[in-house]
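Here is what each chain is made of, one letter per residue.
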Amino acid sequence: MRLVRATAVQPSDDHLCVAAVLAGDPGAFRVLFDRHAADVRRFLRDLLRDEVRADEATQETFVRAHARLATLRDDQRLRPWLLGIARRVWLEEARRRRPQAELDELVDPAPSPRGELLAAEQTRLFRAALGRLSAERRGVLLLQLDHGLSYDEIASVMGMSPAQVRNELHRGRQELRALLAPYFEEAP
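Residues numbered from 1 in each chain as written. Predicted model: local features only at pLDDT ≥ 70, side-chain atom pairs only at ≥ 80, totals over all residues. Heavy atoms only, no water.

**As for the packing of aromatic side chains**
Within this structure, the stated rule accounts for 2 aromatic pairs. Look at Phe 29 and Phe 62: their rings are 6.3 Å apart centre to centre, the planes differ by 75°, and that puts the pair in the edge-to-face class. Of this pair, Phe 29 sits in helix H2 (residues 26–48) while Phe 62 sits in helix H3 (residues 51–68), placing them 33 residues apart in sequence. We note that Phe 29, like Phe 62, is buried. Among the aromatic residues, those joined into a cluster by ring pairs are Phe 29, Phe 33 and Phe 62. (Phe/Tyr/Trp six-rings, centres within 6.5 Å; stacked < 30°, edge-to-face > 60°. Helix = DSSP H or I, 4+ residues; strand = E, 2+ residues; numbered from the N terminus. Buried < 20%, exposed > 50% of the residue type's maximum accessible area, 1.4 Å probe, protein only.)

**Some words on empty space enclosed by the protein**
A complete count under the given rule lists 1 cavity of 30 Å³ or more for this structure. Computed from the structure, the largest cavity encloses a volume of approximately 30 Å³. Of all elements in the fold, only H2, H3 and helix H4 (78–96) reach the threshold of two or more residues within the lining of the largest cavity. Element by element, the count of residues in the lining of the largest cavity is highest for H4, at 3 residues. The residue inventory of the lining of the largest cavity, partitioned by class, reads 8 nonpolar, no polar and no charged. (1 Å grid on protein atoms, 1.4 Å probe; cavity = no way out; pocket = protein on both sides within 12 Å on 5 of 7 lines; lining within 4 Å. Points joined across faces, edges and corners; volume = space filled by probe spheres on them. Nonpolar A, V, L, I, M, F, W, Y, C, P; charged D, E, K, R; others polar.)

**Observations regarding the environment of Arg 87**
Inspection of the secondary structure puts Arg 87 in helix H4. Sequence separation between Arg 87 and Val 40 is 47 residues; the distance between their C-alpha atoms is 9.4 Å. Excluding its chain neighbours within four sequence positions, the residues that come into contact with Arg 87 are Phe 43, Glu 136, Val 157 and Met 158. (Contact = heavy atoms within 4.5 Å.)

**A few points about the confidence of the model for the chain**
Of the residues in the chain, 79% have a pLDDT of 70 or more, and the chain-wide mean is 79. When pLDDT is averaged over each helix and strand of the chain, the minimum, 78, is found for helix H5 (residues 114–131) and the maximum, 92, for H3. Contacts of residues 1–11 to residues separated by more than four positions or lying in other chains number 18 contacts, the stretch itself having pLDDT below 50. Ignoring residues within four places in sequence, the model shows residues 99–110, a span with pLDDT below 50, making 10 contacts including any to other chains. (pLDDT = per-residue confidence, 0-100.)

**A closer look at unusual backbone geometry**
We note that Arg 49 has phi near 60°; this positive angle belongs to a residue other than glycine. Relative to the helices and strands, Arg 49 resides in the loop between H2 and H3.

**Section: the side chain of Thr 61**
Relative to the helices and strands, Thr 61 is located in helix H3. Judged by relative accessible area, which is 0%, Thr 61 ranks as buried. Among residues more than four places away in sequence, those in contact with Thr 61 are Val 40, Leu 44, Leu 82, Ile 85, Ala 86 and Val 89.

The structure is reproduced here in structure tokens:
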């Protein structure tokens, strides 16, 4: 079997990169990392709410992915598979550490125009409300809102059925709506 050069692999050719890694081409795994690390890191950052821990968890995710790459089935797509590994890394991290105060949010103290200030406040309120959801519900919402995964892909990542995903998304949206309602109601 001819090894695929990492530079020759096209962006949509994850399956070729996987085959090249399994055939012993170390550059192919770098292509996979470069292609998917940002999504994995963003997912972990949103769950862990800490930049340094997200970097460490991203590295751990890819170490595990490399070790288990041969277990990737043809019917699985690489991105949801990686996010599933990232979820397991996050769960282990959460078990090791006691949860930090979920409502602690960093707000940029620099002065800004009124519109930017309002947008920043809305983002802060949304993140605070999102932080009050259960970890599973927050994960499902983030996978859909931030990562654009389908119900089936979210189900694969979260270890749920598509029906459970739909239910969690619905309940999560209801909870967010209820948590944010006081901030967006008009004054009498």
